[in-house]
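# Inside the fold
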Amino acid sequence: MSALPAIYPRERIPKNAVLTAGMFRTPSDPVPASFLDVGCSKFVSSGSMAIRLCLTHAAIGAGDTVLLPAYHCISMVEPVVWRGATPRFYRIHDDTSIDLADVRSKLDRSARALIVPHYFGFAQDAGRIREFCDRHGLIYVEDCAHAFFGSHADRPLGAFGDYAIASPWKFFPTFDGGLLASSRIDLDDARLAGPGAYYHCKAALNALEYAFDYGRLGALKIALSLPLRAKSYLWRNVKTVDPEVPSPNTQSPDSAGEQCSRWHAQAMSWPSRLTIALAATASIAARRRRNYQKLEAALRGSSGCRALFSGLPDAVVPQVFPLLVDDPDRVFPQLKHAGVPIIRFGEFLWPGVDERTCPQTMDLSRRVLQFPCHQDLRPEELDWMIATIHHVVEHR
Ligand SMILES: Cc1ncc(COP(=O)(O)O)c(C=O)c1O
């Protein structure tokens, strides 16, 4: 008999960025290097959709192989399979850097593209990967889903690949969002389907509802209580009429899959585009770094865990704080029961990926827990999370 999935209480603090009144940029604010500097870009509904659009644009399909890291999430692999191509998995090292010797051993005539993520915002040696792809005739897909900001060798992340993808909802308070960009290839002919008006409305109202749920924008909550109820009613009916209408909440691989069942390469909602265009990006980058550093300093020296990466290089704007835990089978459920938000990249791997494919991945997939360090954590929320992690990790 299979075990029932565990039921955990609602997360006590927001896992993702939250709309706030102070999130907008003023004309004098500096603008840090970001994915928006890469070049020609297309705004789509999710990172997964961006990978799909990239593969379509590069005419990758049946008979082709796409090289993916063994340490992945399912939504990176699905677009490859949707295109009819074959995913093949390569090894990474303990520090999440790509094992190029293993990639080389996996090359054959069918290998067309290499997808490499900058895990958690920490840059891979993108220059070396660029050279490798040039030497072997591979299309380099630079996966910046965790790295909307940041640079490598003084160039924005995303500028090294033939194509680059991003997942801005991991950095901005939006409920959808993906980007395909290229500094080398003209994407003007990449076609997108525009979503209906209800999708735009729901994307806006969902972002507001998430903020209200976590005690932000209180006055607006009262003013909008009627439209929010109308939205829930309408959405229920739209879904009844057409169950394939895509949900704007792309925060699970399942919903990304739902979007692709019929709605190929769907465009990003307007509220999300606007949020990204108007956000105070310098403050987002600075706060994420500050929160990360606070987590790292507070947990340094704790027994039973350590930060996955030592230090925070100047050019990194972290997506999350990845913590390597000795005893995840005890720590994870205890933290979840306490209401701590945890992201577990690579918790579920594509069937067939195992110890033989990449032992390092199996270890990371089990032991790395990621905690939010986003810009909208209040100081007391961060302090509570740190104290709870401390308590659970140290009290065996
Ligand atoms: C490295 C990486 N690439 C791509 C994706 C797909 O992005 P999205 O969730 O926006 O579809 C994810 C999702 O978590 C990811 O972690």
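Residues numbered from 1 in each chain as written. Predicted model: local features only at pLDDT ≥ 70, side-chain atom pairs only at ≥ 80, totals over all residues. Heavy atoms only, no water.

### With respect to the packing of helix α1 (residues 47-57) against helix α2 (residues 74-82)
- Contact geometry for α1 and α2: axes closest at 8 Å, N-to-C directions at 35°. Handedness of the crossing formed by α1 with α2: right-handed. Here Ser48, Ile51, Arg52 and Leu55 of α1 lie close against α2, whose contacting residues are Ser75, Met76, Pro79, Val80 and Trp82.
- The residue makeup of the contact of α1 with α2, split by class, is six nonpolar, two polar and one charged. (Axes fitted to C-alpha atoms, helices over the stretch in contact; angles between N-to-C directions. Helix = DSSP H or I, 4+ residues; strand = E, 2+ residues; numbered from the N terminus. Left-handed = near helix turned anticlockwise from the far one by under 90°. Contact = heavy atoms within 4.5 Å. Nonpolar A, V, L, I, M, F, W, Y, C, P; charged D, E, K, R; others polar.)

### Notes on the domain arrangement of the chain
- Its domain assignment divides the chain into domain 1 (35-182) and domain 2 (282-394).
- Counting residues at the interface gives 29 residues for domain 1 and 32 residues for domain 2.
- Carbon and sulfur atoms supply 71% of the area buried between domain 1 and domain 2, which totals about 2,700 Å² over both sides.
- Broken down residue by residue, the surface that domain 1 buries against domain 2 is led by Tyr71, Phe120 and Phe122, which jointly contribute 28%.
- At the level of elements, α2 and β3 (86-90) are the ones that each hand at least two residues to the side of domain 1 that touches domain 2.
- Ranked by residue count, the leading element in the side of domain 1 that touches domain 2 is α2, at five residues. (Domains from an automatic or database assignment. Buried area = accessible area lost by both parts, 1.4 Å probe.)

### Re the pattern of salt bridges
- Enumeration according to the criterion identifies 17 salt bridges in this entry.
- Between Lys336 and Glu11 there is a salt bridge, with the nearest N and O atoms lying 3.4 Å from each other. Here Lys336 is found in helix α11 (residues 328-337), whereas its partner Glu11 is found in the segment before β1 (40-44), with 325 residues between them in sequence.
- Overall, Glu11 belongs to the buried group, its relative accessible area being 16%.
- Residues Arg88 and Asp108 are paired through a salt bridge, measuring 3.1 Å at the closest nitrogen-oxygen approach. Highlighted residues: Arg88 in strand β3 and Asp108 in the loop between α3 (100-105) and β4 (111-117), separated in sequence by 20 residues.
- Exposure remark for Arg88: the relative accessible area of 24% places this residue in the partly exposed category.
- For Asp108, a relative accessible area of 39% translates into the label partly exposed.
- When salt bridges that share partners are traced, they join Arg130, Asp134, Asp162 and Arg184 into one network. (Salt bridge = Lys/Arg side-chain N within 4 Å of Asp/Glu carboxyl O. Buried < 20%, exposed > 50% of the residue type's maximum accessible area, 1.4 Å probe, protein only.)

### Quick look at the site of the ligand
- Close to the ligand lie 14 residues; Gly47, Ser48, Asp143, His146 and Ser167 are nearest.
- Within the side chain of Trp169, one N or O atom sits 2.9 Å away from an oxygen atom of the ligand.
- With respect to the ligand, the side chain of Lys170 contributes an N or O atom lying 3.1 Å from an oxygen atom.
- Contributing elements (two or more residues each) for the shell around the ligand: α1 and α2. (Near = heavy atom within 4 Å. Polar contact = N/O pair within 3.5 Å; in protein donor to acceptor, adjacent residues only side chain to side chain.)

### Quick word on the sheet that holds β4
- Reading across the sheet, the seven strands line up as β1-β9-β8-β5-β4-β2-β3 and stay open at both edges, with mixed pairing between neighbours. Every other strand in the sheet has two partners, leaving β1 and β3 as the edge strands with one partner each. Neighbouring strand axes in the sheet, compared pairwise and without regard to direction, differ in orientation by 20° on average.
- Pairing geometry for β1 and strand β9 (residues 178-182), over five bridges, is antiparallel. Bridging from a neighbouring strand, Cys40 pairs with Ser182 of β9. (Pairing = 2+ DSSP bridges.)

### Description of the packing of aromatic side chains
- If you walk through the whole model with that rule in mind, you get 19 aromatic pairs.
- Above the plane of the ring of Tyr214 lies Arg10, whose end atom (NZ or CZ) is 4.5 Å from the centre.
- Over the ring of Phe332 we find Arg344; its NZ or CZ atom is 4.4 Å from the centre of that ring. (Phe/Tyr/Trp six-rings, centres within 6.5 Å; stacked < 30°, edge-to-face > 60°. Lys NZ or Arg CZ within 6 Å of the ring centre and 35° of its normal.)

### What about the side chain of Asn291?
- Here Asn291 shows up in helix α10 (residues 281-299).
- Here Asn291 falls in the buried class, since its relative accessible area comes to 11%.
- A polar contact of 2.9 Å, which involves the side chain of Asn291, links it to the backbone oxygen of His374.
- In contact with Asn291, other than residues within four places in its own chain, are Cys373, His374, Gln375, Leu377 and Leu382.

### A closer look at the nonpolar core
- Grouped together as the largest cluster of nonpolar side chains are 85 residues, with contacts concentrated most on Val66, Leu114, Phe120, Leu295, Phe371, Met385 and Ile389.
- For this core, the leading source of residues is helix α13 (residues 379-394), giving seven residues.
- Both of domain 1 (35-182) and domain 2 (282-394) provide at least three residues apiece to this core.
- In contact with Leu114, other than residues within four places in its own chain, are Leu67, Tyr90, Ile98, Val103, Ile129, Phe132, Cys133, Leu138, Ile139, Tyr140 and Val141.
- Core analysis: the second largest hydrophobic core is formed by 33 residues, Leu224, Leu228, Met268 and Ala285 among them. (Core = buried A, V, L, I, M, F, W, Y, C linked by side-chain atoms within 4.5 Å.)

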